Amino acid sequence: MSQRVPQVSDLVHYTSYGTPNGEYPSVCRAAVVTEVPPHSVGVGEADGWTVSLCVLNPEGMFFNRAVQQSDGAETPGSPECPNAWSHGNPFRYCACGWIEASHRGGTWHWPERV
């Protein structure tokens with residue numbers, strides 16, 4: 001998890017849920033931190049920070065409270081996986097438990113620095 005502590009007015013990314021049939025994909029949207037609840041302070045190291053956001057969409061803004069942080073790390077899976085060579089190409093998941101790195105819908109994360 002990130003060592004950075006979120007503060008009110010920080011710009012972050014919110015990952016939308018998308019729709020089950022793919023009409024709207026899960027995508028990153030710009031968001032502004034509007035609140036860092038006192039109960040989330042100190043939880044950040046292990047579980048990620050929970051904050052309130054104003055999410056900026058092309059169709060308008062929406063406000064969301066208690067949005068959990070996601071670091072987007074991959075789930076490693078079994079070290080004895082016989083198909084480890086296929087992880088990520090072309091599959092996003094494997095029977096060994098490996099899951100491709102991605103941010104879950106309904107969570108926020110720090111923008112990637114370039």
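Here is what the cut-offs are and how they apply
- Residues numbered from 1 in each chain as written.
- Predicted model: local features only at pLDDT ≥ 70, side-chain atom pairs only at ≥ 80, totals over all residues.
- Heavy atoms only, no water.
- Phe/Tyr/Trp six-rings, centres within 6.5 Å; stacked < 30°, edge-to-face > 60°.
- Buried < 20%, exposed > 50% of the residue type's maximum accessible area, 1.4 Å probe, protein only.
- Lys NZ or Arg CZ within 6 Å of the ring centre and 35° of its normal.
- Pairing = 2+ DSSP bridges.
- Helix = DSSP H or I, 4+ residues; strand = E, 2+ residues; numbered from the N terminus.
- Axes fitted to C-alpha atoms, helices over the stretch in contact; angles between N-to-C directions.
- Salt bridge = Lys/Arg side-chain N within 4 Å of Asp/Glu carboxyl O.

Before going further, it helps to spend a moment on the packing of aromatic side chains. Within this structure, the stated rule accounts for two aromatic pairs. Ring centres of Trp-108 and Trp-110 lie 5.2 Å apart, and the angle between their planes is 85°; this geometry places the pair in the edge-to-face category. A relative accessible area of 12% means that Trp-110 is categorised as buried. The aromatic ring of Trp-110 is capped on one face by Arg-4, whose charged end is 3.9 Å from the ring centroid.

The next point concerns the sheet that holds strand S3 (residues 50-57). In a beta sheet, neighbouring strands pair by backbone hydrogen bonds and run either parallel or antiparallel. Strand order in this open sheet of five strands is S4-S3-S2-S1-S5, and the pairing throughout is antiparallel. Pairing within the sheet leaves two strands with one partner each, and these edge strands are strand S4 (60-68) and strand S5 (107-109). Ignoring strand direction, the axes of neighbouring strands in this sheet form an average angle of 40°.

Applying the stated criterion across every chain yields a total of two salt bridges. Among the ionic pairs, Asp-10 bridges to Arg-4, the shortest N-O distance being 3.8 Å. For Arg-4, a relative accessible area of 36% gives the class partly exposed.

What follows is about the pairing of strand S2 (residues 28-35). Here five bridges tie strand S1 (residues 11-15) to S2, and the two strands are oriented antiparallel to one another. The partner of Tyr-14 across the bridge, within S2, is Arg-29. Sheet topology places S2 next to S3; five bridges connect them, and they run antiparallel. Within S3, the position partnered with Val-32 by the bridge is Cys-54.

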